[in-house]
Each structure stands twice: as structure tokens, then as C-alpha cells.
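Chain by chain, the residues run as shown.
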Amino acid sequence: MFKKILIANRGEIALRIIRTCKEMGVKTVAVYSTADRESLHVRFADEAICIGPPPSKDSYLNMHSLLSAAEITNADAIHPGYGFLSENSKFSGLCRDHGIKFIGATPEHIEQMGDKANAKDTMKKAGVPTIPGSEGLLDSIEQAIKIANEIGYPAIMKATAGGGGRGMRIVWKDEEIEGAWNSAKLEAANAFGNDGLYMEKYIEDPRHIEIQVAGDQFGKVCHLSERDCSIQRRHQKLLEESPSPFMTPELRDKMGEAAKAAAQIINYEGVGTVEFLVDKHRNFYFMEMNTRIQVEHPVTEEVINFDLVKEQILIAAGVPISGIDYYPTKHAIECRINAEDIYNNFRPCPGKINQLNRPGGHGVRVDTHIYAGYTIPPYYDSMIAKLIVFAQTREEAIVKMDRALGEFIIEGVQTTVPLHIQLMRNKDFISGNFTTAFMNTFEIK
Ligand code: MV4
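Residues numbered from 1 in each chain as written. Predicted model: local features only at pLDDT ≥ 70, side-chain atom pairs only at ≥ 80, totals over all residues. Heavy atoms only, no water.

Now for the overall build of the protein. Tallying secondary structure elements over the protein gives 14 helices and 24 strands in all. For 445 residues, the compact-globule estimate of 2.2 N^0.38 gives 22 Å, and the protein sits close to it at 22 Å. Residues counted as buried form 60% of the 445 residues belonging to the protein. Contacts spanning at least 24 positions in sequence make up 65% of the contacts within the protein whose residues lie at least 6 apart. Element-wise, carbon and sulfur atoms account for 49% of the exposed surface of the protein, whose accessible area totals about 18000 Å². The centroid of the 50 positive side-chain charges in the protein is displaced by 4 Å from the centroid of its 59 negative side-chain charges. (Helix = DSSP H or I, 4+ residues; strand = E, 2+ residues; numbered from the N terminus. Rg over C-alpha atoms; globule rule 2.2 N^0.38 Å. Buried < 20%, exposed > 50% of the residue type's maximum accessible area, 1.4 Å probe, protein only. Contact = heavy atoms within 4.5 Å. Areas by Shrake-Rupley, 256 points an atom, 1.4 Å probe, with all protein chains shown as cover. Lys, Arg positive; Asp, Glu negative; His and termini not counted. Charge placed at Lys NZ, Arg CZ, Asp CG, Glu CD.)

As C-alpha cells, this is what we get:
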């Protein structure tokens, strides 16, 4: 087992990882920018090293500062959390070169899954359902028009280096292709330094359902059921839950097997997530594979009663997994609490938290690094807490979330708490009748 893990992250996820390390008897090293001196991850780690000034590129993304911090503290592993360097193949490779275990995917897996057109081709070979479209990248506007006519409109052009909806264009007729091609290529080149595009049939108003998987160093894989992440706004998830209200036992088995085939074909090691689009007929299609621990992992932890960060660390240390699949025995919902003004286009609201009351009671979990008197710095993303509830049924979980949100008092900054309270009382949310389009028409009161 590792003796000491450096956590190359900040905020709630750094604290989350430190908690599991402590329970496993593993020492921890926190790293922090000068903006995060007063953060709880710094206080609760065994050691803490300042790695630079506030901008991420000079601190949490500074590979050489992080590796130096690991070397001077004698850390034998680095946990990258999510975001920052968690899916950076260069950093994963540098850790390997320095004899430090990267608790995440290998550079090969990150590159293989980071190129979406290539990932899709790999999954097609594994028998995982994929959306009809181009084979690999498009090489001309003429070819794009030809393929769009073969698969039928509407079609979508996507950046192969994409994610988060950037470099993505929906097209409804031949005349729109040239403009979409030019603007998607420009956007992708600017955002990713890679203007490769591929094309797919456009699935209207799908659900976003993802399967958690784990694979060990001995080729064994298992799935840990699904999360429904359809409640999102401009590609930012607002709320996730498990199980999905749209799921059936048959669909779960089919998607679980597909996700395992995806992990199996690349010999995946660690925990990962296979994202699917699911249409109204319950056809499902591979979308992307994430090679990191995700923000929404707690909903899975609560419904299967399992510590996913502990599993990551065990797998990285070479411990075999049981190889059995996990099924939800409860219902869990996570609300992402962001310091944002929901009445002003979700504008970020950094600043000082003057008063804080954290919700509690049975079936309530709060993952956060904030406290009364904490100042939210303006340099990083605006998520300040995750409120997770779990109960025997979805109905009970919704009531419990509404109750817990009411207890979550955060004074000094605006937050998304009032939005989540409205969601818990929305009849379409309550009935499970929603897709990724839900927030497009949701009226904030
Ligand atoms: C799609 C799609 C419909 N059809 N692909 C958005 C982010 C990117 N990773 C993939 N995305 C989509 N791809 C086809 N062929 C609809 C979306 C999409 C979406 C997907 C998941 C969650 C939220 C979404 C919101 C808008 C569009």
C-alpha cells in the first residue's frame, strides 16, 4: 500500500480524498495556491505545500511544481481528483517517469479516450452501440454533405477533441453544412488546438445516463450501475441521481454489459465512467468515456454503499477487485451548490461566507470545503458544495432533499440553493419526466 499520497487538487474533492486516505492509514500531502491558504484541505492534510500564485496555470496545473512537491515530501502516489490534470496524458506519463503512481488512467488510456472519434471506433469494434455517422474524421464539406444524406437529417458535427459542447454544430439541411463546418473547425482549433470533426445522426432530446465501471490490474472489470445526469444547463450538470428514473432492470443489464465491454477492450485499470445518450425508445449509444473520479461519484457511493476513492487507491496499489457487479439498493440525489446568481444568468458570486448552516440528519451528506468566514476565491470554478441525500425511494429522497436544502443557509454570497428547491417541487422532475432539454424551458422564479 502507498505510504503517502499527494492530492493534486483543491476544494471539496481534495478534502474528500484526504478523508479516505486517513481511513486507510495513508499519509496525505495537500498542495495549495496562495489563494487557498485558508482552505480546509490544507488544514486536514498531514502536510501542505504551497505550489504557486492563484491562477490555475501557475499552481494546480503546474506539473513541475506538483512533481517537486511530491519529491520533497516523499509521496509515492498522486491523486489528481477531477478537472485540472486528472485527464492530462502528459502528467500521467511524467508521474510514471518519476516513479510516482498516478491514481488515474495511463497516458495511453487518456489519449485513446480523449480523441472522441477514435474512442467511438474502438467501442464500435467492442460491440458497444454507437450512433450512426462518419467512420473516423470528416475530410471535406462534400463528404460531410454525403454522409448527412446517408444517415438523414438532423445530423451533428462534433470536434474529435471536444467535450462540454464546444465545437459542436447541429445541421438540418445541406445548405447549413458549409457554415457549420467552418465555425466548428475554428472553434475547435481555438479551444483544443485540434480541428478534427466527425459526424453523427442527431438524437433529439436524449437522456444522459452514465455507467460507473472499475477495472483492476488483472483484467477483471465490473459495473457499479448508473447515474442520470440529464438535469444540466449549458453542459454544466446541476443535479445527478442514481438510479435513473428512466432505468429498467433489463436496460441496466444491457448498458452495464456494454460499459464493461468498453472497459474490457482497452484493458482499463481504475475507476471510470462510460457516458451514454439514451433516446425515448430506450436505445442507448456510447458517447464518451471519462477516465477520472467524477464530481457526481457520491450518488453511486450511497446507493451501493461503497467508497469509490478507496477502490481507486486499492486498484492503483495492485489489489484485485471482486469482479461482481453492483446494483442500487437505495435512491440518492446530489445537488451541486454553486456560488452563482441564478437571477443573473448564473453569474459567479465569489466572496466571503458570513454565516453557514450545514444540513444534517439521517441520509444527508455534505461534501464541501467551506465554513463560516471562508472567502470563495474568484479564480476557480464556482461549485462550493455538494449536497447528497439518500433514502429507500426516489419520492422520499426528493422530500429529504427539499428539507435539507431548507437547512442549508449560506449568507454573504448568492448560491444555487433556491434553484434546487424549485426543482424538488417541479412536477416533471418529481415524475421523472425529463431529458437533457429540461432546463431549456425551466422557469426560475
Ligand atoms: C449529441 C447529442 C445528440 N445527438 N450527439 C453534448 C456534449 C457532448 N459531449 C455530446 N453532447 C451531445 N451529443 C448526438 N449524436 C446531444 C448532446 C447534448 C447533450 C449530451 C449530454 C448531456 C447534455 C447535452 C446537452 C445538449 C446536447
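Back to the text.
Let us look at the site of the ligand. The immediate surroundings of the ligand are formed by 16 residues, with Lys158, Glu200, Lys201, Ile203 and Glu288 found nearest. Lysine 158 places a polar side-chain atom, nitrogen or oxygen, 2.8 Å from a nitrogen atom of the ligand. Take glutamate 200: an N or O atom from its side chain is 2.8 Å from a nitrogen atom of the ligand. Contact with the protein chains removes 88% of the 530 Å² of surface that the ligand exposes when unbound. Its residues assigned to classes, the shell around the ligand shows seven nonpolar, five polar and four charged. Each of domain 2 (132–201) and domain 3 (207–440) contributes no fewer than three residues to the shell around the ligand. (Near = heavy atom within 4 Å. Polar contact = N/O pair within 3.5 Å; in protein donor to acceptor, adjacent residues only side chain to side chain. Nonpolar A, V, L, I, M, F, W, Y, C, P; charged D, E, K, R; others polar. Domains from an automatic or database assignment.)

Reports of interface size often rely on the accessible area that becomes lost once the parts have come together. Domain boundaries in the protein define domain 1 (4–103), domain 2 (132–201) and domain 3 (207–440). Centre-to-centre separation of domain 2 and domain 3, based on C-alpha positions: 30 Å.

One finds Leu6, Ile78, Phe91, Met255 and Phe276 to be the most contacted residues of the largest nonpolar core, which totals 49 residues. Once you skip the residues sitting within four places of it in the chain, leucine 6 turns out to touch Val29, Val31, Leu66, Ala69, Ala70, Ala75, Ala77, Ile78 and His79. Counting residues in hydrophobic clusters, the runner-up holds 38 residues, among them Leu387, Met401, Phe438 and Phe442. (Core = buried A, V, L, I, M, F, W, Y, C linked by side-chain atoms within 4.5 Å.)

Let's shift gears to the environment of glycine 25. For glycine 25, the position within the fold is in the loop between α1 (11–23) and β2 (27–33). Judged by relative accessible area, glycine 25 falls into the exposed class, the value being 65%. For the pair formed by glycine 25 and lysine 260, sequence separation is 235 residues and the distance between their alpha carbons is 31 Å.

With respect to the secondary-structure elements, lysine 400 resides in helix α12 (residues 394–407). As a buried residue without a salt bridge, lysine 400 has its nearest oppositely charged side chain in glutamate 396, at a separation of 7.5 Å. In this view, lysine 400 contacts His362, Gly363, Val364, Val389, Phe390 and Ala391; residues no more than four positions away in its chain are not counted. (Salt bridge = Lys/Arg side-chain N within 4 Å of Asp/Glu carboxyl O.)

In space, the three strands of this open sheet follow the order β7-β6-β8, with antiparallel pairing throughout. Edge positions in the open sheet fall to β7 (169–171) and β8 (197–201), since each of these has one partner strand only. Direction aside, neighbouring strands of the sheet carry axes that sit 25 degrees apart on average. Bridging between strand β6 (residues 155–159) and β7 involves three bridges; their strand directions are antiparallel. Within β7, the position partnered with alanine 155 by the bridge is valine 171. With respect to the sheet, helix α6 (residues 116–125) is in contact with β6 and β8, its orientation differing from that of β8 by roughly 50 degrees. On top of the sheet, helix α7 (residues 141–151) reaches β6 and β8; it is set at about 20 degrees to β8, its chief contact. (Pairing = 2+ DSSP bridges. Axes fitted to C-alpha atoms, helices over the stretch in contact; angles between N-to-C directions.)

Attention shifts here to helix α5 (residues 107–114). Residues three or four positions apart in an α-helix share a direction because the helix packs 3.6 residues into each turn. Within the span of α5, buried status applies to Pro107, His109, Ile110 and Met113. Considered in projection along α5, the buried side chains sweep an arc of 165 degrees and stay on one side of the axis. Where α5 is buried, its residues touch α4 (89–97), β5 (101–102), α6 and β15 (284–290). (Arc of directions from axis to C-beta.)

Here the focus is the sheet that holds β2. Taken in spatial order, the five strands of this open sheet run β3-β2-β1-β4-β5, and their pairing is parallel. Every interior strand has two partners, whereas the edge strands, β3 (47–52) and β5, have only one. In the sheet, strand β1 (residues 4–7) pairs with β2 via four bridges, with the strands oriented parallel. Residue isoleucine 7 lies in a different strand from β2, and its bridge partner there is alanine 30.

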